[in-house]
Amino acid sequence: QVQLVESGGGLVQAGGSLRLSCGASGLTFSNYVMGWFRQAPGKEREFVATISWRGGSTAYVASVKGRYTISRDNAKNTVYLQMNSLKPEDTAVYYCAASRLHTTAPTEYEYWGQGTQVTVSS
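Note that the structure is predicted; figures quoted are calculated from it, not measured.

## Let's talk about the environment of F47
(1) Moving on: Examined against the element boundaries, F47 turns out to sit in strand β5 (residues 46–51).
(2) Moving on: Each C-alpha atom, one on F47 and one on A105, is 7.2 Å from the other, the two residues being 58 residues apart in sequence.
(3) Moving on: Beyond its immediate sequence surroundings of up to four residues, F47 is in contact with W36, F37, A59, Y60, V61 and T104.

Dropping the structure here:
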């Protein structure tokens, strides 16, 4: 049974930082591209960042480039999202997901975590 479990969300002031973690079990972690997505109230789920199987390639949505960094530790079956210079518009539920393809399309991600709330106050 595959499980993805996010942690690290919370309430932070604008300009602050948070580090999200996502631990995976029940799958061969290094066989999967890992992604972070987010969904704000009343909005569709959107791609945030993705990292390739060994971490050699990353991609970000334009709105977080230069502020967010995705990384992974295959020995620990964990993917991270370091979020700096947070803005109120970053407020959302953040989800990690696993895909066999290096893609930004949420429909191509097979497994999803339950999400962690990130709230940025102004």
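Past the structure itself, the notes keep going.
## Comments concerning the sheet that holds strand β8 (residues 78–83)
(1) Moving on: As summarised here, the arrangement of the 4 strands in space is β1-β3-β8-β7, forming an open sheet in which the pairing is antiparallel. Only two strands of the sheet have a single partner each, and these edge strands are β1 (3–7) and β7 (68–73). Neighbour-to-neighbour, the strand axes of this sheet turn through a mean angle of 15°, independent of strand direction.
(2) Moving on: Two elements, strand β3 (residues 18–25) and β8, share 6 bridges in a ladder whose sense is antiparallel. Residue pairing in the sheet places S21 in a bridge with Y80 of β8.

## Section: the side chain of R72
(1) Moving on: With respect to the element layout, R72 can be found in strand β7.
(2) Moving on: Separated by 2.8 Å, the side chain of R72 and the backbone oxygen of S52 make a polar contact.
(3) Moving on: Here N74 takes part through its side chain, which lies 2.7 Å from a polar atom of the side chain of R72.
(4) Moving on: Those residues in contact with R72 that sit more than four places away from it in its chain are F29, S30, Y32, V33, M34, I51, S52, W53, R54, G55, T78 and V79.

## Re the nonpolar core
(1) Moving on: In this structure, W36, Y68, V79, L81, M83 and Y94 are the most contacted members of the largest nonpolar core, which totals 35 residues.
(2) Moving on: Mapped onto this core, the elements with two or more residues apiece are β3, β4 (33–39), β5, β7, β8, β9 (92–99) and β11 (116–121).
(3) Moving on: Not counting chain neighbours up to four residues away, the residues in contact with Y94 comprise E6, L20, W36, F37, R38, V48, Y68, L81, M83, G115, T116 and V118.

## Section: the state of the cysteines
(1) Moving on: Inspection of every chain in the model, using the stated rule, returns 1 disulfide.
(2) Moving on: At a sulfur-sulfur separation of 1.9 Å, the disulfide partner of C22 is C96. On the sign convention where negative means left-handed, the S-S torsion of about 45° between C22 and C96 marks this disulfide as right-handed. Here C96 lies in strand β9 and C22 lies in strand β3, a separation of 74 residues in the sequence. Taken individually, C22 and C96 each receive the classification buried, so the pair is uniform in this respect.

## Considering the environment of F37
(1) Moving on: Within the secondary structure layout, F37 lies in strand β4.
(2) Moving on: Look at F37 and you get buried, because its relative accessible area is 0%.
(3) Moving on: Residues F37 and Y94, 57 residues apart in the sequence, show an inter-C-alpha distance of 5.7 Å.
(4) Moving on: Residues in contact with F37, not counting those within four places in the same chain, are R45, E46, F47, V48, V93, Y94, Y95, A97, T104, P106, Y109 and W112.

What counts and how
Residues numbered from 1 in each chain as written. Predicted model: local features only at pLDDT ≥ 70, side-chain atom pairs only at ≥ 80, totals over all residues. Heavy atoms only, no water. Helix = DSSP H or I, 4+ residues; strand = E, 2+ residues; numbered from the N terminus. Contact = heavy atoms within 4.5 Å. Pairing = 2+ DSSP bridges. Axes fitted to C-alpha atoms, helices over the stretch in contact; angles between N-to-C directions. Polar contact = N/O pair within 3.5 Å; in protein donor to acceptor, adjacent residues only side chain to side chain. Core = buried A, V, L, I, M, F, W, Y, C linked by side-chain atoms within 4.5 Å. Buried < 20%, exposed > 50% of the residue type's maximum accessible area, 1.4 Å probe, protein only. Disulfide = S-S within 2.5 Å.

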